[in-house]
Amino acid sequence: MNNAGMKATHPTLTINHVAKYFDLKGGSVEALRDINLTINKGEFVCLIGASGCGKSTLLRIIAGFEKASSGTVEMYGASITGPGPERGMVFQDFALFPWLTVRQNIGFGPRQRGLVKDKVDEISGRYTEMVELAKFANYYPSQLSGGMKQRVAIARVLANDADILLMDEPFGALDALTREQMQQELLDIWQRTNATVVFVTHSVEEAVVLADRVVVMTAGPGRIEDDRRIDLVRPREVSAMDFNQVRRDITEHITSHLTTAKTVAKAA
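Note that the coordinates shown come from a computational prediction; the quantities given were computed from them, not determined experimentally.

Chemist: With reference to specific residues and values, describe helix α5 (residues 117-130).
Modeler: End to end, α5 covers 20 Å across 14 residues, agreeing with the expected 20 Å (1.5 Å per residue, within 8%). If you check which residues of α5 are buried, you get Val120, Ile123, Ser124, Gly125, Tyr127, Thr128 and Met130. Each element contacted by the buried residues of α5 is listed here: α3 (102-106), α4 (108-112), α6 (146-159) and α7 (176-193).

Chemist: Tell me about the sheet that holds strand β5 (residues 78-79), and name the residues and values.
Modeler: Here four strands make up an open sheet; going across it, the order is β2-β1-β4-β5 and the pairing antiparallel. What marks the edges here is a single partner per strand, and that holds for β2 (27-39) and β5. Direction of pairing for strand β1 (residues 13-24) relative to strand β4 (residues 70-75): antiparallel, over a ladder of five bridges. Directly across from Leu13, in β4, lies its bridge partner Met75.

Chemist: Could you give an account of the nonpolar core, naming the residues involved and the relevant values?
Modeler: Ranked by size, the top nonpolar core spans 48 residues in total, and within it Phe44, Phe199 and Ile250 carry the most contacts. Sort the elements by how many residues they give to this core and α6 lands first, with eight residues. Apart from the residues lying within four places of it in its own chain, the contact partners of Phe199 are Phe44, Val45, Cys46, Leu47, Met167, Pro170, Phe171, Leu186, Glu206 and Leu210.

Chemist: Which residues make up the packing of aromatic side chains, and what are the values?
Modeler: On inspection of all chains with the given rule, the structure shows six aromatic pairs. Judged by centre distance (5.3 Å) and plane angle (40°), the rings of Phe97 and Trp99 are tilted. Overall, Trp99 belongs to the exposed group, its relative accessible area being 57%. An angle of 55° between the planes, with centres 5.7 Å apart, marks the rings of Phe171 and Phe199 as tilted.

Chemist: Residue-level account of the pattern of salt bridges, with values.
Modeler: Where side chains of opposite charge bring their charged atoms close, a pairing between them can arise. For the coordinates displayed, the defined rule picks out 17 salt bridges. Here Glu43 ties to Arg213 by a salt bridge, and the two come within 2.9 Å at their closest N and O atoms. Taken together, the residues span a long stretch of sequence, with Glu43 in the loop between β2 and β3 (44-48) and Arg213 in strand β9 (residues 213-218) at a distance of 170 residues. With a shortest N-O distance of 3.1 Å, Asp226 and Arg228 are connected by a salt bridge. With relative accessibility at 18%, the residue Asp226 sits in the buried group. Taking relative accessible area as the criterion, Arg228 reaches 23% and is therefore assigned partly exposed. One salt-bridge network, held together by shared partners, links Glu43, Arg213, Asp227 and Arg229.

The rules behind the values
Residues numbered from 1 in each chain as written. Predicted model: local features only at pLDDT ≥ 70, side-chain atom pairs only at ≥ 80, totals over all residues. Heavy atoms only, no water. Helix = DSSP H or I, 4+ residues; strand = E, 2+ residues; numbered from the N terminus. Expected span 1.5 Å × (residues − 1). Buried < 20%, exposed > 50% of the residue type's maximum accessible area, 1.4 Å probe, protein only. Contact = heavy atoms within 4.5 Å. Pairing = 2+ DSSP bridges. Core = buried A, V, L, I, M, F, W, Y, C linked by side-chain atoms within 4.5 Å. Phe/Tyr/Trp six-rings, centres within 6.5 Å; stacked < 30°, edge-to-face > 60°. Salt bridge = Lys/Arg side-chain N within 4 Å of Asp/Glu carboxyl O.

In structure tokens form, the structure reads like this:
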């Protein structure tokens, strides 16, 4: 990608006054209202909030899979008008090609871009090593654990030269132990690649473990309620007093909003 000049003068991602409406039977539903957010190169930002607050919708707009009803989304100062390899999406269900091996899944993007075989092999080999799956390079997705599949999904995005990782609850289907391991592996990959990460989660603990910033969204329609920088030293210990204080503060922020919303709904 030829973005060197733009990176020096623009944030990685700028979201200005974004709103999103869905036309459904019976009328229009407002999913997002006046979203404003700036994310700089290399930041790890978690979006958190109750179900229905528009987190995934916002992520899909950034990815270019959905169009905003109004407002703009820019990457390095250029408007996002559709999907692009510089913005890689990682889903909860892995979305791997079952007929391709680990190495072939990781090399899919470079092959599609028309790179020569030696270059594809070099890229897929490098990212297979990065996610510690070299011993499983010739395995198929059906032969892998959930955590291994998610590592392949992350590597496939990175191999496609993505500057931004967009992650929609990627660890939500994993057991607690594997989820914790994957959080640490993701942080390791993030620190080595300096990628910018926008990560959707329902878990306050996961957000505080991972993020530089936690963006709290409210439902009905989705709005940004709080944008909080997490100044805890890494690696973060979930049993530490300062960690739990941050977790409590964010949880109270979310639950107080839900309580208010329920009270208003009952009054109406």
